[in-house]
Amino acid sequence: MRQRGFIYGGDYNPEQWLDTPEILKKDIEYMKAAHINEVTLGVFSWSVLEPQEGVYHFEWLKQLIDNLWKNGISVMLSTPSAARPKWLSDAYPEVLRVNEDRTKNLFGGRHNHCYTSPIYREAIYKIDRKLSEEFGNHPAILNWHISNELGGECHCPLCQAAFKKWLKEKYQTIDALNKAWNTTFWSHTYLSFDQVESPSTKGEKMLHGLNLDWERFVTDQTADFVSWEKKAIEDGGSKLPVTINMMYDFRGLNYHKFKDIIDIASWDNYPTWHKEAEEKTALDVAFQHDFIRSLLKKPFLLMESSPTATNWQSVSKLRRPGILSVSSLQAIAHGADSVQYFQIRQSRGASEKFHGAVIDHYGGMDTRVFKEVTAVGSELIKLSEIAGSETKARVAILHDCESRWAMEDSQGPRNKGLHYEDTLKKVYHGLRRLGLNVDILDMEEELDGYDLVFAPMLYLFRSQIETKIRNYVAEGGTFVMTYWSGIVNETDLCHLGGTPHDLMDVFGLRSTELDALYDKDENSGKSTGVFFSEDKTYTCKYFCDLIKTSTAKPLLTYESDFYKGLPAMTVNTYEKGTAYYICADFEGCFYDDLCEKLAKEKNLIHIPFAIPEGISVNTRENDTKVFLFIQNFREEAFVVTMHGTKWKLLMGAETGIVSQYETAVYWMEK
Ligand code: GLA
Ligand code: ZN
């Protein structure tokens, strides 16, 4: 990236204000006052850039970019593919989407186009290439922002044909496909690839292998579309980095499949602050920051966030004073190199007119929000030496999109309430309360380099994860896996011969049956005194795995029901390493205790104070320094004591007091 220091800005749509130059002029003045050094242009600007087919109007954009640059403001330039002009869909109806029920959409909305349509691809290629030719080497441009929040699927005949081709490439013969999907069930055998159609609630929706491959296809097709846009940009002569703005916990795409296409990861963060306890929201957001950073394992961008209310949420709650700072700096703490907003200037009409903005309809700088935005700008300047620094994590959690798709579609063992996210968050909480940086990995990644890896509910095994786990443990790693792992192969066929598949010797056990509990039920695991102290008992809900041990030692045993006395948690030594197996969905404090014990064993805790609930701690580092962020998401102030340590204050009070919504930053020579 060309920028030095942190990027501070956000989505700006001056095309909505071209007839009021005085407003555009003010915008620049306001941006400078707020320390804004970047704007993202061109998101949804197609109809202004190409008002008629083949007629391009770029002068306004050129003038704007030149002027912004003159004023020290850089630009991320978006391609306009996320919404199309009316002339395009009127002239070429094939560009509009067909829904899962095979009805065709009318013009409107945003992501309402077919990723497969050659006409759509051609139209976007032309405009992207021209944008690249015109602006791709402009000194103001930092990077390309391809499309906007990619998502959704299209079931049109073009997409059906592409899906068939995709399947044919994958399976080669229809027999192989039938076998992989177990189509003999309910007599759904296909005789040729031509017969296969995308899943639909009006037709086939129970063939889990089909559903899974369709989701993979949608990801691949979307990724292919992004590559296509990237090619247009490159063909236009620009070599600047590209990004796509991802969304919170988005299930529609496997974001890992984009990591070889993009140069920078970025995401849009719209938490519902003040809906739940702040610390809970903060933990949830933190997980997402870590997920996005882990994609490329380098600094990411916080591409969008709201300076105050978010109008598409059920309640547009104002962000309380201070939240803007703590949530913006939370992104930085987790490895972001930018804080960006949606939007710089609030639209006057249409669906986002009440969405929070840096400059609201009143149009002055003397607003609460503007003042807070300005304060965040100053904080970022103060912290600017941290930009570009890395986040090093020695612990990781496996969170695989494809496994989750399959697990959520599996029908049984609990069709309502797998509590997968809660389980992930319990592990994550256990690690974060120790101040550990955490990487979130999928199964395609390597595990070596981590001291501790957790795999909650790793239902589907793919990408040779069995071998990776085996090798990781054999070489001395500590691996923690839970119930409902290693159950199916990558086309959702159940593994025969016992689970967790191919790891029964590593864990020293076999899962014999999984009991799903009703919401009202609970059981508990009592410590055997080998690992946790003897008086420890943890309650569990939802799932109880009944295992048969071979070499594993029980660390907890069930306290009730017909499996009373059976192991509820085990440990097994396998070659140089250790494999823990958690049989049941235990309460949060179980994971807190487990993580603490394991992190201590592995000597991972380096924060010189105990971290209470609601206090969040992260580190980033560059070649010479380590930076420590301490953030307060609770009401009560927190006092940092650094006496006798090498940490020096970079931001925050000399007294060490970190009040609600405040951030303190310390640093230390490496
Ligand atoms: C998304 C989009 C933006 C805008 C915001 C509003 O993140 O990318 O264009 O609609 O939501 O919160
Ligand atoms: Zn289509």
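See above for the structure.
Remember, predicted model here, so these are calculated numbers, not experimental data.

(A) Summary view of the overall build of the protein. Scanning the protein for helices and strands turns up 16 helices and 25 strands. Taken along its principal axes, the extent of the C-alpha atoms in the protein is 75 × 75 × 45 Å. Looking at the protein as a whole, 60% of its 670 residues qualify as buried. In the protein, 73% of the contacts between residues at least 6 apart in sequence involve partners at least 24 apart. Accessible area of the protein: about 26,500 Å², with a carbon and sulfur share of 51%.

(B) Quick look at the coordination of the zinc ion (ligand 2). Within the protein, the zinc ion (ligand 2) binds to Cys114 (SG), Cys154 (SG), Cys156 (SG) and Cys159 (SG); these donor distances fall in the range 2.3 Å. For the zinc ion (ligand 2), the four donor atoms are set out with angles of 101 to 118° between them, so the coordination reads as tetrahedral. You can call Cys154 buried: its relative accessible area is 5%.

(C) Examining the sheet that holds strand E2 (residues 38-41) more closely. In space, the eight strands of this open sheet follow the order E7-E6-E5-E4-E3-E2-E1-E8, with parallel pairing throughout. Two strands in the sheet have a free side with no partner beyond their single neighbour: strand E7 (301-305) and strand E8 (338-342). For this sheet the average axis-to-axis angle between neighbouring strands, irrespective of direction, equals 30°. Across four bridges, the pairing between E2 and strand E3 (residues 74-78) is parallel. Bridging from a neighbouring strand, Leu41 pairs with Leu77 of E3. Contacts from helix H9 (residues 278-296) reach strand E5 (242-247), strand E6 (264-269) and E7, with the element oriented near 160° to E6.

(D) Examining helix H16 (residues 588-601) more closely. Helix length check: H16 (14 residues) gives 20 Å between terminal C-alpha atoms against 20 Å at 1.5 Å per residue, within 8%. Taken together, the buried positions of H16 are Phe590, Tyr591, Asp592, Leu594, Cys595, Leu598 and Ala599. A positive phi of about 55° marks Asn603, the residue just after H16.

(E) Examining the nonpolar core more closely. Core analysis: the biggest nonpolar cluster contains 188 residues, and Trp181, Phe454, Phe479, Phe507, Met569, Phe590 and Leu594 have the highest contact counts within it. Ignoring anything within four residues of it in the chain, the contact list for Phe507 reads Ile469, Phe479, Met481, Pro500, Ala552, Asn572, Ala579, Tyr580 and Tyr581. Ile615, Val617, Ile630 and Tyr666 belong to the second largest nonpolar core, which has 15 residues in total.

(F) Region of interest: the site of ligand 1. In the neighbourhood of ligand 1, the contacting residues comprise Phe44, Arg110, Asn148, Glu149, Asn245, Asp268, Tyr270, Glu304, Trp312, Phe342, Glu352 and His355. Contact between ligand 1 and His355: an oxygen atom at 2.6 Å from a side-chain N or O atom of the residue. Against a free-state accessible area of 300 Å², the protein chains account for coverage of 97% of ligand 1. Across the shell around ligand 1, the residue classes tally to four nonpolar, three polar and five charged.

(G) How the structure looks around the packing of H9 against helix H10 (residues 323-333). Contact geometry for H9 and H10: axes closest at 10 Å, N-to-C directions at 30°. Put simply, H9 runs roughly parallel to H10. For the pair H9 and H10, the crossing hand works out as right-handed. Together, Glu278, Ala282, Val285, Ala286 and His289 of H9 and Ile323, Gln330 and Ala331 of H10 make up the contact between the two elements. Residue composition of the contact of H9 with H10, grouped by class: five nonpolar, two polar and one charged.

(H) View of the packing of helix H5 (residues 118-135) against helix H8 (residues 208-235). For the pair H5 and H8, the least separation of the axes is 7 Å and the interaxial angle reads 35°. H8 is crossed by H5, and the crossing has right-handed handedness. Contacts between H5 and H8 pair Tyr120, Arg121, Glu122, Ile124, Tyr125, Asp128, Arg129 and Ser132 from the former with Gln221, Asp224, Phe225, Trp228, Glu229, Ala232, Ile233 and Asp235 from the latter. Here the contact of H5 with H8 is composed, by residue class, of seven nonpolar, two polar and seven charged.

(I) Spotlight on unusual backbone geometry. Across the junction of Phe342 and Gln343, the peptide omega takes the value 10°, indicating a cis bond. Of note, Gln343 is situated in the loop between E8 and helix H11 (368-382). Of the consecutive residues Thr499 and Pro500, the connecting peptide bond is found in the cis state with omega at 0°. Secondary-structure assignment places Pro500 in the loop between strand E12 (478-482) and helix H15 (504-507). Residues other than glycine seldom take positive phi values, yet His274 does so here, at roughly 75°. Along the chain, His274 falls in the loop between E6 and H9. In this model, Tyr542 sits at a positive phi of 65°, which is unusual for a non-glycine residue.

(J) Fine view of the pattern of salt bridges. Tallied over the entire structure, the rule returns 48 salt bridges. For the salt bridge of Lys257 with Glu444, the shortest nitrogen-to-oxygen distance reads 2.8 Å. Placement of the pair is Lys257 in the loop between E5 and E6 and Glu444 in the loop between strand E10 (438-441) and strand E11 (452-455), with a sequence separation of 187 residues. If you follow the salt bridges from partner to partner, you end up with Lys170, Asp213, Arg216, Lys257, Asp400, Glu402, Asp442, Glu444, Arg462 and Glu490 in one network.

(K) Representation of H11. Compared with the 21 Å implied by 1.5 Å per residue over 15 residues, the 21 Å span of H11 between its first and last C-alpha is a close match. Regarding H11, the residues found buried are Val369, Phe370, Glu372, Val373, Thr374, Val376, Gly377 and Leu380. Tucked into the core, H11 has its buried residues touching strand E1 (7-11), helix H1 (21-33), H10 and E8.

(L) Representation of the packing of aromatic side chains in the model. Counted by the stated rule, this structure contains 36 aromatic pairs. Geometrically, the ring pair formed by Tyr120 and Phe225 is stacked, given 6.0 Å between the ring centres and 20° between the ring planes. With Tyr120 in helix H5 and Phe225 in helix H8, the pair connects residues that are 105 residues apart, well separated along the chain. On the accessibility criterion, Tyr120 (0% relative accessible area) is buried. Residue Phe225 is classed as buried on the basis of its relative accessible area of 0%. Taking the centre distance of 4.9 Å and the plane angle of 80° together, the rings of Phe590 and Tyr591 count as edge-to-face. No difference in accessibility class separates Phe590 from Tyr591, as the two residues are buried. Clustering of aromatic rings is evident, with ring pairs tying together Phe531, Phe532, Tyr538, Tyr580, Phe586, Phe590 and Tyr591. The positively charged end of Arg97 is found above the aromatic ring belonging to Tyr115, 5.1 Å away from the centroid. Directly above the aromatic system of Phe287 lies the positively charged group of Lys425, at a separation of 5.1 Å from the ring centroid.

Reading the values: rules and limits
- Residues numbered from 1 in each chain as written.
- Chains lettered and ligands numbered in written order.
- Predicted model: local features only at pLDDT ≥ 70, side-chain atom pairs only at ≥ 80, totals over all residues.
- Heavy atoms only, no water.
- Helix = DSSP H or I, 4+ residues; strand = E, 2+ residues; numbered from the N terminus.
- Buried < 20%, exposed > 50% of the residue type's maximum accessible area, 1.4 Å probe, protein only.
- Contact = heavy atoms within 4.5 Å.
- Areas by Shrake-Rupley, 256 points an atom, 1.4 Å probe, with all protein chains shown as cover.
- Donors = N, O, S within 2.8 Å, 3.2 Å for Na, K, Ca; no water.
- Tetrahedral: all angles 85-135°; square planar, octahedral: opposite > 155°, others 65-115°.
- Pairing = 2+ DSSP bridges.
- Axes fitted to C-alpha atoms, helices over the stretch in contact; angles between N-to-C directions.
- Expected span 1.5 Å × (residues − 1).
- Core = buried A, V, L, I, M, F, W, Y, C linked by side-chain atoms within 4.5 Å.
- Near = heavy atom within 4 Å.
- Polar contact = N/O pair within 3.5 Å; in protein donor to acceptor, adjacent residues only side chain to side chain.
- Nonpolar A, V, L, I, M, F, W, Y, C, P; charged D, E, K, R; others polar.
- Parallel < 35°, antiparallel > 145°, perpendicular 65-115°, else oblique.
- Left-handed = near helix turned anticlockwise from the far one by under 90°.
- Salt bridge = Lys/Arg side-chain N within 4 Å of Asp/Glu carboxyl O.
- Phe/Tyr/Trp six-rings, centres within 6.5 Å; stacked < 30°, edge-to-face > 60°.
- Lys NZ or Arg CZ within 6 Å of the ring centre and 35° of its normal.

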